[in-house]
Amino acid sequence: METIIGVRFRTAGKIYHFSPGQLTIAKGQHVIVETARGMECGRVVTGPEEIEPAPDAQPLKVIQRIANAHDLQRVEDNRKHEKEARVICKKKIREHGLPMKLVSVEYTFDLNKIIFYFTADGRIDFRDLVKDLASVFRTRIELRQIGVRDEAKMMGGIGCCGRPLCCATFLGDFEPVSIRMAKEQNLSLNPTKISGICGRLMCCLKYESDCYCGQCPKQVKKIQPPQQGGRVVTVDGEGKVISLNQQRRTATILLDNSRTVVAAWEDVIEQEVEVESAEQKAPEVKREPREERRPPKRERTGSRRPREGREHGNRSGRNGSNGNGSNGNGSNGNGSNGSSEQAREHSSRSRRSRRPRENRSAERQSRPHNARRPRAPREKQESGQPKEQARQDAKS
């Protein structure tokens, strides 16, 4: 086991862990430690803790000493020098005409380095500015570009909720925040309402995001109701679910001993019923072959006349009936001649219709317009007599 303590160098900065060594250090004390930037003075925020070190972890740096009154006074003097350096740096930026905004100035504890924090829209060529600042302060100069969220963290302010900014009071690191978190919490997607003073999405959207996503450890799991008609197991025994009450979250169960009980969904466990395979349930049915089940074909005993002969007989019979009918009248010989001519025309039309369509179209196109057969007159009646002759017959 290894003893560690947490040290913070800013009000809401990142926590770094060190080894106390042989010193007895309590929470809230100021200590002097060695960092990558040199000697620094920080405040202990987490007391001594016993942890098991990782096998591949590097050894922690040991705290040099507990800060005394002289060290604290030196820190206060550095704060005054930082304000003076800020005024000088702003003046140099205006002289060089650089599009950058100075945010903060920080002195190291041993005065070996001065760090200037600034914001800008793009890359800035500040090599001439560094030379001028080095000639003025006679020490190492470092210019570090930061983002708008880091700017709000350093400068501080009051949020839209009326409280100091979270990033400037207790947040150590920035966690990623997305617009999806606002959608899940059913918030207005108006940028002015979900953005902080830095212009980015508010950090507090992350606080309750896990509860809305269903990952909250304190969230009670949703209990699914049993299926109506299914088999369940209760304290009183096994039974079948008759009905469900969604408002009271209860189920009415008919037990195997003909009792009816009402139990909550939490007190009911669904019973797994083993379903037999369909092959075991269904009996085997012997099916006859398809050929045997097909009914036998009927034998046709009667002989049918060929189609051509049948049509020819019908046409001849029709002609003969027309001729007889016309002779039977006996009153007008013209009527018999008209009916016979109509029958001949009908037979000729039927013969033409039996020709192939292609041949007919070719014959129609090759035949001149004047040589076409004239159509029958429209004045003929069904009996084949003209109207004038029919009127004369009626008068006579």
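Residues numbered from 1 in each chain as written. Predicted model: local features only at pLDDT ≥ 70, side-chain atom pairs only at ≥ 80, totals over all residues. Heavy atoms only, no water.

Ring pairs (aromatic) are described by centroid distance and by the angle formed between their planes. This model, assessed by the stated rule, comprises 3 aromatic pairs. The interplanar angle of 50° and the centroid separation of 5.9 Å between the aromatic rings of Phe-9 and Tyr-16 together place this pair among those described as tilted. With 5.8 Å between their ring centres and 75° between their planes, Phe-118 and Phe-126 make a pair best called edge-to-face. The lysine or arginine in question, Arg-74, covers the ring of Phe-109, its NZ or CZ lying 5.0 Å from the ring centre. Lying over the aromatic face of Phe-174, Lys-153 brings its terminal NZ or CZ to 5.6 Å of the ring centre. (Phe/Tyr/Trp six-rings, centres within 6.5 Å; stacked < 30°, edge-to-face > 60°. Lys NZ or Arg CZ within 6 Å of the ring centre and 35° of its normal.)

The nonpolar side chains of a soluble globular protein tend to be buried, and buried together. Core analysis: the biggest nonpolar cluster contains 17 residues, and Met-100, Phe-116, Leu-133, Phe-137 and Leu-143 have the highest contact counts within it. Mapped onto this core, the elements with two or more residues apiece are helix 1 (69-96), strand 6 (101-107), strand 7 (113-119), helix 2 (127-137) and strand 8 (140-145). In this structure, Val-232, Ala-251, Ile-253 and Trp-265 belong to the second largest nonpolar core, which totals 9 residues. (Core = buried A, V, L, I, M, F, W, Y, C linked by side-chain atoms within 4.5 Å. Buried < 20%, exposed > 50% of the residue type's maximum accessible area, 1.4 Å probe, protein only. Helix = DSSP H or I, 4+ residues; strand = E, 2+ residues; numbered from the N terminus.)

It is worth spelling out the side chain of Lys-92 at this point. Residue placement: Lys-92 occurs in helix 1. The side chain of Lys-92 is buried and forms no salt bridge, while Glu-95, the nearest opposite charge, is found at 4.0 Å. (Lys, Arg positive; Asp, Glu negative; His and termini not counted. Salt bridge = Lys/Arg side-chain N within 4 Å of Asp/Glu carboxyl O.)

Ordered in space as 12-11-10-9-13, the 5 strands form an open sheet in which the pairing is antiparallel. Among the strands making up the open sheet, the edge pair consists of strand 12 (260-264) and strand 13 (269-270). Direction of pairing for strand 9 (residues 231-233) relative to strand 13: antiparallel, over a ladder of 2 bridges. What sits directly across from Val-233, in strand 13, is Ile-269. (Pairing = 2+ DSSP bridges.)

In this structure, Ala-67 sits in the loop between strand 5 (65-66) and helix 1. Sequence-wise, Ala-67 and His-30 are 37 residues apart; in three dimensions their C-alpha atoms are separated by 5.3 Å.

The next thing to look at is the confidence of the model for the chain. Counting all residues, the mean pLDDT for the chain is 76, and 66% of those residues have values of 70 or more. Below pLDDT 50 for its whole length, residues 311-336 participates in 17 contacts with residues either more than four positions away or in separate chains. Of the regions scoring below 50 in pLDDT, residues 379-383 engages in 8 contacts with residues more than four places distant in sequence or in other chains. (pLDDT = per-residue confidence, 0-100. Contact = heavy atoms within 4.5 Å.)

The sheet built from 5 strands is open, its strands ordered 2-1-4-3-5 with antiparallel pairing. Looking at strand neighbours, the two that pair on one side only are strand 2 (15-18) and strand 5, the edges of this open sheet. In terms of strand pairing, strand 1 (residues 2-8) meets strand 4 (residues 38-51) through 6 bridges, oriented antiparallel. If you follow Glu-2 over to strand 4, its bridge partner there is Ile-51.

With that settled, consider the environment of Glu-106. Within the element layout of this structure, Glu-106 appears in strand 6. In this structure Glu-106 comes out as buried when scored by relative accessible area, which is 13%. Distance from Glu-106 to His-81, taken between C-alpha atoms, is 9.1 Å for residues 25 residues apart in sequence. Ignoring any residue separated from it by four or fewer positions in sequence, one finds Glu-106 in contact with Arg-10, Arg-37, Glu-82, Lys-113, Ile-114, Ile-115 and Tyr-117.

Let us now look at the pattern of salt bridges. Under the criterion given, the structure shown has 11 salt bridges. Two residues, Glu-40 and Arg-37, come together in a salt bridge whose shortest N-O distance is 3.8 Å. A salt bridge links Asp-256 to Arg-231; the nearest nitrogen and oxygen atoms lie 3.1 Å apart. Within this pair, whereas Asp-256 is found in the loop between strand 11 (250-255) and strand 12, its partner Arg-231 is found in strand 9, the two being separated by 25 residues in sequence.

So, on to helix 2. Leu-129, Leu-133 and Phe-137 are the residues of helix 2 that are buried. With its buried residues spanning 50° around the axis, helix 2 presents them on a single face. The exposed set on the far side of helix 2, more than 90 degrees from its buried face, consists of Arg-127 and Lys-131. Tucked into the core, helix 2 has its buried residues touching helix 1, strand 6, strand 7 and strand 8. (Arc of directions from axis to C-beta.)

Along any regular strand, the residues point their side chains to alternate faces of the sheet. Alignment of strand 7 against strand 8, held across 6 bridges, turns out to be parallel. Bridge pairing in strand 8 links Ile-114 to Ile-141. Handedness of the β-α-β unit built from strand 7, helix 2 and strand 8 comes out right-handed. (Right-handed = clockwise from strand over helix to strand, strands pointing away.)

In the Ramachandran plot, Leu-111 falls in the positive-phi region, its phi being about 60° despite a non-glycine side chain. Within the element layout of this structure, Leu-111 appears in the loop between strand 6 and strand 7. Even without a glycine there, the phi angle at Ser-258 is positive, about 70°. For Ser-258, the location among the structural elements is in the loop between strand 11 and strand 12. Looking at Ser-258, the relative accessible area reads 64%, which means it is exposed.

Counting through the fold element by element, Glu-52 comes out in the loop between strand 4 and strand 5. Given the relative accessible area of 67%, Glu-52 is considered exposed. With 50 residues separating them along the chain, Glu-52 and Glu-2 place their C-alpha atoms 6.1 Å apart.

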